[in-house]
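# Descriptive analysis of the structure
So the chains spell out like this:
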Amino acid sequence: IARSEEITSRMPLVTTLGDENWKVRRAAIEGLSKRAAPDAIQALLEMLRQDHRNLAVLNSALQVLAMVDVDTYSPLVEFLKSDDSDLRMQAALALGEQREERSVGPLIEALKDPDANVRFHAIEALGKIRSPAAVEPLTNIAEAADFFLSFPALDALKEIGDQSVAPRITSLLRVEILVEPAAEALGALGDEQAVTPLAALLNAPNPPTLSIAGALTRLYDRFEKEFGEGAYIAEIAKRTIKASGAQHLLDALGEVKVSELRPIALVLGWLDGPAVHRALIRLLAEPSVRSEVVESLVRNGKGVAALLLEQTNSDDVEIRRASVIALGRLGHKNATPTIVRLLLEDPELRIDAAQSLAKLGDETALEGLIEMMGDPDAAVRQAIVGALNSIGSAQMASRVQLLMTDPNPLVRESAAKIAGYFGYPAAADLLIKSCSDEDERVRQAAVEHLPFLEDNRVGTVLTNAISNDSPRVRAAAARALAQQSDDESLKALLNALHDPDLWVRYFAARSLGNFDGPEVVQRLSQIVEKETHNNVRIAALEALGKVGGDVATRTIQSYIDASDPDVARAAIKSLHEAQEMEQQDGNPDH
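Residues numbered from 1 in each chain as written. Predicted model: local features only at pLDDT ≥ 70, side-chain atom pairs only at ≥ 80, totals over all residues. Heavy atoms only, no water.

### Some remarks on the environment of tyrosine 232
- Tracing the backbone shows tyrosine 232 in helix H14 (residues 230-240).
- Judged by relative accessible area, tyrosine 232 falls into the partly exposed class, the value being 40%.
- Between the alpha carbons of tyrosine 232 and glutamate 192 there is a distance of 8.2 Å; along the sequence they are 40 residues apart.
- When near neighbours in sequence (up to four residues on either side) are disregarded, tyrosine 232 contacts Glu192 and Phe223. (Helix = DSSP H or I, 4+ residues; strand = E, 2+ residues; numbered from the N terminus. Buried < 20%, exposed > 50% of the residue type's maximum accessible area, 1.4 Å probe, protein only. Contact = heavy atoms within 4.5 Å.)

And the structure:
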């Protein structure tokens, strides 16, 4: 029956909504909601009028009414006037599920119903419809301080989202039975004016700590997301919360569930003092709030450094990691020896330790970092090189030359990256020599960093590498040649567009975006047309956008409607870039 083309009141499907078997009820609901004729829905409404105390019928009928396209507004409004309070209640519930603006008037009228249950469901329905017209009557109900109705009224006001009622809700913080729902509503609707009264509540005896912290956290998150000014909320709260408020937060740490920790930890992190610091250090063990705790510890400054140093000996690697990160962000140079020790002894923390040493910028870390330049993990080596580059010690100009001849190729690779990064003139010969090193990784690193040298041999070395070396080194040379501007480099890149390795072709196409001329545009256009790998075609389109000009623009435009969506998106992006270039050059009509 449910699969019939149209279901009418003459079919037995309506009556099966109260069947004892849930599968039968489900089939009836699905059938009625998709293909029921108006007279079937009218029969359903009549059944609801007569049998609304049958929970199976009631639940099924309400599900159907929430899904059908047939207009049920008038019968439901009539039900709101019934002598049966249960039917009025279910009518309010059904109107709320339909979420139609025209139901707001009758539902506001139902707020005066003599039955509290009807008023309750009318309040909930208005919250679902979210009409501004309901704000004033709902606020009046909230202010009446009847918990049974004020609580849902505050919830409905949160759903509507009208922030103008926040000052009136603030006054409800003084009503004992409404403190928690009022605090939660202020978290959703308040602004910076709500922070002081909320924070002040923490100082009072027996406050609802979790609700208040949750409201302050919601305000903080909203200000951070919308204005990047969460710190403003934190500062107001910090000025207001006294020692008693801090203690209430500390006490709550042992009472709340792990899933509820973040609001307590976040607000606690706005405060200062030894007890707060110790509590935050303990929270490093909890993954769900670790990032917030690290931010808080960094804000608290060097006063927490000693506690963090103690935690670098923890058995929990994540606590050690968080401590190392926080010490680095604090810029606490007294932590350098400890972090260097972890760098050398704790393989799991080497990247974090190197990154923290980079932030500290302390030359005393030099020897430890140099010792790790040959670490077998490429990510660790990269972090070590980054730290040495960040420290920028004058000693490295001479030290790097010895390291570039080290027996360990991994050390030579790292040394080549440092020498190239700084472009040390004294290391120029060694860096060029490294481009012919027996180890591919060393050659690749040297070639990638060669453009930082001011040396007239660079172009020749790169054009030789892009023609004669391994695929990885040829790709590195293709990237590096983007920094050159001579004809030989251009010729080498054009030739590389036909390299058998797709990544060489990819980087060659990208680098050609830094050149110009009709031949560049012609060859890139051919790549877009004939290349079989999408990433190379997209790189060529992006390069055409950087080159610009009428011919490049016409080529790009021809791919805006490409059947491949990735190519089409790249064409749109490249066209935008080409048009911006034309405008900057003073040719807005192109």
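Back to the text.
### Description of helix H34 (residues 534-547)
- Taking 1.5 Å per residue, 14 residues should reach 20 Å; H34 reaches 20 Å between its end C-alpha atoms and fits that length.
- For H34, the buried fraction is high: 10 of the 14 residues fall into the buried class.
- Among the residues of H34, Val536, Arg537, Ile538, Ala539, Ala540, Leu541, Ala543, Leu544, Gly545 and Val547 are the ones counted as buried.
- Phi turns positive one or two residues past the end of H34, at glycine 548, with a value near 75°. (Expected span 1.5 Å × (residues − 1).)

### A closer look at unusual backbone geometry
- Within the chain, alanine 145 stands out as a residue other than glycine whose phi angle is a positive 60°.
- Looking at where alanine 145 falls in the secondary structure, it is placed in the loop between helix H8 (135-143) and helix H9 (147-160).
- The backbone phi angle of asparagine 206 is positive, close to 50°, even though this residue is not glycine.
- When you line up the elements, asparagine 206 lands in the loop between helix H12 (195-201) and helix H13 (209-227).

### A few points about the side chain of glutamine 444
- Here glutamine 444 lies in helix H28 (residues 440-449).
- Judged by relative accessible area, glutamine 444 falls into the buried class, the value being 15%.
- In this structure the side chain of glutamine 444 is engaged in a polar contact, spanning 2.9 Å, whose partner is the side chain of arginine 472.
- Beyond its immediate sequence surroundings of up to four residues, glutamine 444 is in contact with Arg472, Val473, Ala476 and Arg479. (Polar contact = N/O pair within 3.5 Å; in protein donor to acceptor, adjacent residues only side chain to side chain.)

### What about the packing of helix H22 (residues 350-360) against helix H24 (residues 378-391)?
- Axis separation between H22 and H24 bottoms out at 8 Å; the angle between their running directions is 10°. In terms of their interaxial angle, H22 and H24 are classed as roughly parallel. Contacts between H22 and H24 pair Arg350, Ile351, Ala354, Leu357 and Ala358 from the former with Ala379, Val380, Ala383, Ile384, Gly386, Ala387, Ser390 and Ile391 from the latter.
- Taken together, the residues of the contact of H22 with H24 break down into 10 nonpolar, 2 polar and 1 charged. (Axes fitted to C-alpha atoms, helices over the stretch in contact; angles between N-to-C directions. Parallel < 35°, antiparallel > 145°, perpendicular 65-115°, else oblique. Nonpolar A, V, L, I, M, F, W, Y, C, P; charged D, E, K, R; others polar.)

### Some thoughts on the nonpolar core
- With 187 residues, the main nonpolar core has Leu198 and Leu369 as its most contacted residues.
- With 8 residues, H34 is the largest single contributor of residues to this core.
- Once residues lying within four places of it in the same chain are set aside, the contact partners of leucine 369 are Leu343, Ala354, Leu357, Ile384, Ala387, Leu388 and Ile391. (Core = buried A, V, L, I, M, F, W, Y, C linked by side-chain atoms within 4.5 Å.)

### Considerations on the packing of aromatic side chains
- Counted according to the given criterion, the structure contains 9 aromatic pairs.
- Plain terms: the ring middles of phenylalanine 147 and phenylalanine 151 are 5.3 Å apart, the flat faces sit at 90° to each other, and that makes the pair edge-to-face. Of the two residues, phenylalanine 147 and phenylalanine 151 are both situated in helix H9; the distance of 4 residues between them amounts to about one turn of the helix.
- Overall, phenylalanine 151 belongs to the partly exposed group, its relative accessible area being 29%.
- Both rings, one in tyrosine 220 and one in tryptophan 270, keep their centres 5.5 Å apart while their planes meet at 40°; by these two values the pair is tilted. (Phe/Tyr/Trp six-rings, centres within 6.5 Å; stacked < 30°, edge-to-face > 60°.)

Spatial relationships are all this shows, so hold off on functional conclusions.
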